[in-house]
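# A closer look at the structure
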Amino acid sequence: MYRALSQLERGSNRSDEALAHLGDGLKELPEQLELLVEYTDLLVAIGSDEAGKAIDQLKSKGVLPEVLDIFSARLLIRKREWAEAVKCLANAHAHLVGRDSVGGIPFAAGLVEQCNALMGQCYESLGDPYRAQHAYQRMLAGNRRSLEARLGIARTHAAVGQG
């Protein structure tokens, strides 16, 4: 129920209300890992100062390092620390490729795609369109319908004069 209420609020761009629902859920069900993952995801998305603390909580609950690396990379991206973010993402990607699930995390299927999207963004920001293009091509290979991957490939083609 808490996750559903949070998702409704999040869908209406009411992050504070979404966080409140998740916070209530964590008070009621403190061992519910999915609530903490979603809470952390939202804190990272909005750039909250509390995001680092939430990542530490996930770590203490045994969440796999590759999942934590993605959250950390997203925080680094918000700070425009592209090279450090790529290191986290490359590590996460190496451990996620070929896995069907990741520690029971419900959004595990999209983690590899998320890694590739974020790596593409970082490489573009670092001025490396060839590596960005490779990340977007991996993303497209995993999801032939990905508009984000197609747009990334188009941008990188244009950046290297292939468009």
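Reading guide: rules and limits
Residues numbered from 1 in each chain as written. Predicted model: local features only at pLDDT ≥ 70, side-chain atom pairs only at ≥ 80, totals over all residues. Heavy atoms only, no water. Salt bridge = Lys/Arg side-chain N within 4 Å of Asp/Glu carboxyl O. Buried < 20%, exposed > 50% of the residue type's maximum accessible area, 1.4 Å probe, protein only. Disulfide = S-S within 2.5 Å. Helix = DSSP H or I, 4+ residues; strand = E, 2+ residues; numbered from the N terminus. Lys, Arg positive; Asp, Glu negative; His and termini not counted. Contact = heavy atoms within 4.5 Å. Expected span 1.5 Å × (residues − 1). Core = buried A, V, L, I, M, F, W, Y, C linked by side-chain atoms within 4.5 Å. pLDDT = per-residue confidence, 0-100. Arc of directions from axis to C-beta.

### Comments concerning the pattern of salt bridges
- Enumeration over the complete set of coordinates arrives at 10 salt bridges.
- We note a salt bridge from Lys53 to Glu50, for which the minimum N-O separation is 3.2 Å.
- The class of Lys53 is exposed, set by a relative accessible area of 52%.
- The class for Glu50 is partly exposed, based on a relative accessible area of 39%.

### So, the state of the cysteines
- The final tally for this structure, using the stated rule, is zero disulfides.
- There is no disulfide at Cys88, and the cysteine sulfur nearest it, in Cys122, is 9.5 Å away.
- Among the residues examined, Cys88 registers a relative accessible area of 16% and is labelled buried.

### Remarks on the side chain of Asp69
- Position of Asp69 among the secondary structure elements: in helix H5 (residues 65-78).
- No salt bridge is formed by the buried Asp69, whose closest oppositely charged neighbour, Lys59, lies at an N-O distance of 8.6 Å.
- In this structure, Asp69 is in contact with Cys88, Asn91 and Ala92, ignoring residues within four places of it in sequence.

### Notes on H5
- If you check H5, its first and last C-alpha atoms are 20 Å apart, about what 14 residues at 1.5 Å a residue would give, namely 20 Å.
- Extensive coverage of H5 is indicated by the burial of 11 of its 14 residues.
- Among all positions of H5, only Glu66, Val67, Leu68, Asp69, Ile70, Phe71, Ala73, Arg74, Leu75, Leu76 and Ile77 are buried.
- Here the buried face of H5 lies against helix H3 (33-46), helix H4 (51-60), helix H6 (82-96) and helix H7 (111-125).
- Two residues or fewer past H5, Arg80 is found with a positive phi of approximately 65°.

### What to know about the nonpolar core
- Counting residues in each nonpolar core, the largest one holds 45 residues, and the members touching the most others are Leu58, Ile70, Phe71, Ile77, Leu89, Cys115 and Cys122.
- Elements represented by at least two residues in this core include exactly helix H2 (15-28), H3, H4, H5, H6, H7, helix H8 (129-142) and helix H9 (147-159).
- Not counting chain neighbours up to four residues away, the residues in contact with Ile70 comprise Ala92, Leu96, Leu111, Gln114, Cys115 and Leu118.

### Notes on the confidence of the model for the protein
- Averaged over every residue, the pLDDT of the protein is 90; the share at 70 or more is 92%.
- Per-element confidence in the protein is highest for H4, whose mean pLDDT is 96, and lowest for helix H1 (residues 2-11), whose mean pLDDT is 89.

### Here's the deal with H6
- With 15 residues, H6 extends 20 Å between its outermost C-alpha atoms, agreeing within 8% with the 21 Å of an ideal straight helix rising 1.5 Å per residue.
- All buried positions along H6 are accounted for by Trp82, Ala85, Val86, Cys88, Leu89, Ala92, His93 and Leu96. Axial view of H6: buried residues confined to an arc of 165°, hence all on one face. Turned more than 90 degrees off the buried face of H6, the exposed positions are Lys87 and Ala94.
- On the buried face of H6, the contacting elements are H5, H7 and H8.
- Trailing H6 by a residue or two, Gly98 shows a phi angle of about 90°, which is positive.

### Topic: the environment of Leu68
- By secondary structure assignment, the location of Leu68 is in helix H5.
- Assessed through its relative accessible area of 9%, Leu68 is described here as buried.
- Each C-alpha atom of the pair Leu68 and Cys88 lies 8.9 Å from the other, and the pair is 20 residues apart in sequence.
- In this structure, Leu68 is in contact with Ile55, Leu58, Lys59 and Val63, ignoring residues within four places of it in sequence.

### A short note on unusual backbone geometry
- In this model, Asn13 sits at a positive phi of 60°, which is unusual for a non-glycine residue.
- For Asn13, the position within the fold is in the loop between H1 and H2.
- According to the relative accessible area criterion, Asn13 is exposed, its value standing at 70%.
- Here Arg80, not a glycine, exhibits a phi torsion of approximately 65°, which is positive.
- Residue placement: Arg80 occurs in the loop between H5 and H6.
- For Arg80, a relative accessible area of 64% puts it in the exposed group.

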